[in-house]
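A closer look at the structure
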Amino acid sequence: MRAENDLRHDKIGPLVLRIALPSMLAQFVSVLYSIVDRMFIGHIPEVGALALAGAGVCGPTVTLAAAFSFWIGCGGAPLMSIRLGQRDERAAGRIMSCCFSLLLLFSAVLMLLLIPLRTPLLRLFGASDVTLPYAVSYFTLYLLGTPFALLSGGMNQLIICQGFARVGMKSVLLGAVLNIVLDPVFIFGLGMGVQGAALATVLSQMASCTYVLRFLRGEQPPVRLRFAKPDFDTVGRVLLLGISPFLIIALDQVMLISMNALLQRYGGTSQGDFYITCNTIVQSFMLVVTMPLGGISGGTQSILGYNFGAGKPKRVLLAQRYIFALCAGFTAVMFVLARTAGPYFIMLFNRDPAVAETTHWAICVETLAIVPLGLQYGLVDGFTGMGQVQYAMPLSFWRKSVYFVSLFLLPALLGVRAIFWAEPICDVLGVLVSVTVYLRCIGRLLHKRPARA
């Protein structure tokens, strides 16, 4: 059966749109996993603001655990695309089987490590005596669903890389819609509070996982999931290529954890929880920016990887132009929405005037340079899609390094609110270096053919 998209022959412009838009929408829908929980938690009677702060402390840690699915999925998907471009479906099948085994292994290790350490970790990451019970309640139950989260996210990438972008979108949509339905039932109807939000998320991820695995075991995809003993050479290739997107996501969450800890420290006992509540809403808005943006740049990696593997440099360059334009256009729209629709977004979480004023100011600051950020995503994910981790990883590290320096230096010099300026500073300095590297290296890179597995 023909895939939705012919990565070798379809016209590049429509092909990029057909893959980028469903991937972007899928990631936008996946944001609902996080922000819908927070929306309902923030409106729990009497304790909504504190419960929201507790969930906010958990948020980066939860995403950090889920980043392992991107490590494997984003490591395996470009390799599969390259092998499919070389017409080597047997090697592509070995990669898929290896990814499945790695995701199961990581799920088990994460649960064994994080569940016993959850309380000291959450305290370290910014939970106060008041917000800790809410954070522990949410985090504990969420961790029990780790296998579903990792398998649904990681294996979904192996659906998209075969040209089935709409199937990938449907799997995410299934989980998100179910989460929206179950959240109010468990949180308010059954009176479970933050535990209800976590349970709704776990059940939703279970549904997505089931859908993804059934599709990959079915007759439609060219490469189907077969259970086989993973070989160490393939394991090494997947882990090496996926380390860059993993580190991008993982370091983003480490930055948010550090940010919450610094907000608690510089805000003090009187303002620490207040600023963490505000930051939880700010980062929810940033998820609405970065997750769909990653859907554009990450979803279209299959086009770049396939045509790079097939030795078609003109198609690679043309695809990148469309990808850069989509990333810039999306971030430009979000820049405007941050300033015009920001107050309405904040009202979904909390209606306290002081929280609303500070949060909207912070959203405007953090989104000052999101258009350059869009180009950064396109450049780094483009290198990753072609299997060029030696370029992608240093560029990611450079941007994160600028962020960390700014994050710790700014509040020490200018006070707690200066923390929010770290984001635009690293967005600008990050893209300047990435553009320079891309212009110097892309011509030489496209004349090099990747080695076969």
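One structure accompanies this document, and this report is about it. (Residues numbered from 1 in each chain as written. Predicted model: local features only at pLDDT ≥ 70, side-chain atom pairs only at ≥ 80, totals over all residues. Heavy atoms only, no water.)

Before going further, it helps to spend a moment on the overall build of the protein chain. Along the backbone of the protein chain there are 15 helices and zero strands. For 453 residues, the compact-globule formula gives about 22 Å, and the C-alpha radius of gyration of the protein chain, at 21 Å, lands near that figure. The principal-axis extent of the C-alpha atoms belonging to the protein chain is close to 60 × 45 × 35 Å. The buried share of the protein chain, reckoned over its 453 residues, is 61%. A separation of at least 24 residues holds for 83% of the contacts in the protein chain among residues at least 6 apart in sequence. A distance of 13 Å separates the average location of the 34 positive side-chain charges in the protein chain from that of its 20 negative side-chain charges. (Helix = DSSP H or I, 4+ residues; strand = E, 2+ residues; numbered from the N terminus. Rg over C-alpha atoms; globule rule 2.2 N^0.38 Å. Buried < 20%, exposed > 50% of the residue type's maximum accessible area, 1.4 Å probe, protein only. Contact = heavy atoms within 4.5 Å. Lys, Arg positive; Asp, Glu negative; His and termini not counted. Charge placed at Lys NZ, Arg CZ, Asp CG, Glu CD.)

Turning our eyes to something else, we now look at the packing of helix α5 (residues 146–160) against helix α6 (residues 165–189). Two elements in contact, α5 and α6, have axes whose closest approach is 7 Å; the angle formed by their N-to-C orientations is 155°. Our classification of the angle between α5 and α6 gives roughly antiparallel. Considering the relative orientation of α5 and α6, their crossing is right-handed. The residues of α6 that touch α5, namely those facing Asn 156, Ile 159 and Ile 160, are Ala 165, Val 167, Gly 168, Ser 171 and Val 172. Considered class by class, the residues forming the contact of α5 with α6 number five nonpolar, three polar and no charged. (Axes fitted to C-alpha atoms, helices over the stretch in contact; angles between N-to-C directions. Parallel < 35°, antiparallel > 145°, perpendicular 65-115°, else oblique. Left-handed = near helix turned anticlockwise from the far one by under 90°. Nonpolar A, V, L, I, M, F, W, Y, C, P; charged D, E, K, R; others polar.)

Here we come to helix α15 (residues 422–446). The end-to-end C-alpha distance of α15 is 35 Å, a good match for the 36 Å that 25 residues give at a rise of 1.5 Å each. Its axis deflected by about 35° at Arg 440, α15 carries its strongest bend there. (Expected span 1.5 Å × (residues − 1). Bend = angle between axes of the 7 residues up to and from the residue.)

The geometry of two aromatic rings is summed up by the distance between their centres and the angle between their planes. Overall, the coordinates contain 12 aromatic pairs when judged by the stated rule. A centroid spacing of 5.9 Å and a plane angle of 35° characterise the contact between Phe 68 and Trp 71, whose relative ring orientation is tilted. In this pair, Phe 68 and Trp 71 are both assigned in helix α2 (residues 48–85), three residues apart and thus about one turn of the helix distant. Classification of Phe 68 by relative accessible area gives buried; the value is 17%. Members of the aromatic cluster, joined through ring pairs, are Phe 324, Phe 383, Tyr 391 and Tyr 438. The ring of Phe 335 is capped by Arg 339, whose NZ or CZ atom sits 3.9 Å from the centre of that ring. (Phe/Tyr/Trp six-rings, centres within 6.5 Å; stacked < 30°, edge-to-face > 60°. Lys NZ or Arg CZ within 6 Å of the ring centre and 35° of its normal.)

Residue position: Val 416 is located in the loop between α14 (389–414) and α15. Exposure remark for Val 416: the relative accessible area of 15% places this residue in the buried category. Each residue touching Val 416, except ones within four places of it in the same chain, is listed here: Leu 263, Tyr 266, Gly 267 and Tyr 275.

Grouped together as the largest cluster of nonpolar side chains are 77 residues, with contacts concentrated most on Met 259, Leu 263 and Met 386. In terms of residues, this core owes the most to one element, helix α8 (residues 232–299), which gives 18 residues. When neighbours within four sequence positions are excluded, Met 386 is seen to be in contact with Ile 82, Leu 304, Phe 308, Val 316, Gln 320, Ile 442, Leu 445 and Leu 446. Core analysis: the second largest hydrophobic core is formed by 66 residues, Phe 106, Ile 187, Leu 216 and Val 389 among them. (Core = buried A, V, L, I, M, F, W, Y, C linked by side-chain atoms within 4.5 Å.)

Taken as a whole and assessed by the stated rule, the structure comprises three salt bridges. Arg 237 serves as the salt-bridge partner of Asp 233, at 3.2 Å between the closest nitrogen and oxygen. Separated by four residues within a single helix, Asp 233 and Arg 237 lie in helix α8, roughly one turn from each other. When its relative accessible area of 46% is taken as the criterion, Asp 233 is described as partly exposed. Put simply, Asp 427 and Arg 399 hold a salt bridge, and the shortest N to O gap is 2.7 Å. Pair noted here: Asp 427 is in helix α15 and Arg 399 is in helix α14, with a separation of 28 residues, a long-range link. In this pair, the class of Asp 427 matches that of Arg 399, namely buried. Salt bridges sharing partners connect three or more residues here, namely Arg 399, Glu 423 and Asp 427. (Salt bridge = Lys/Arg side-chain N within 4 Å of Asp/Glu carboxyl O.)

What follows concerns a nonpolar patch on the surface. Together, Leu 368, Trp 398, Trp 421, Ile 425, Val 428, Leu 429, Leu 432 and Val 433 make up an exposed nonpolar region whose accessible area comes to about 640 Å². Of all the elements, α15 adds the most residues to the nonpolar patch, at five residues. Looking at the secondary structure, you find Ile 425 in helix α15. For Ile 425, a relative accessible area of 32% translates into the label partly exposed. (Patch = residues over 30% accessible without salt bridge, like charges linked within 9 Å, V, L, I, M, F, W, Y side chains within 5 Å. Areas by Shrake-Rupley, 256 points an atom, 1.4 Å probe, with all protein chains shown as cover.)

A residue is classified by how much of its surface remains accessible, and Asp 427, at 1% relative accessible area, is buried. A distance of 2.7 Å separates a polar atom in the side chain of Asp 427 from a polar atom in the side chain of Arg 399. Those residues within four positions of Asp 427 in sequence are excluded, and the remaining contacts are Glu 366, Ala 369, Pro 372, Leu 373 and Arg 399. (Polar contact = N/O pair within 3.5 Å; in protein donor to acceptor, adjacent residues only side chain to side chain.)

Along the chain, Phe 335 turns up in helix α10 (residues 313–340). Sequence separation of Phe 335 and Thr 367 is 32 residues, and the distance between their C-alpha atoms is 6.2 Å. Once you skip the residues sitting within four places of it in the chain, Phe 335 turns out to touch Thr 367, Leu 368 and Ile 370.

By themselves these figures say nothing about function.
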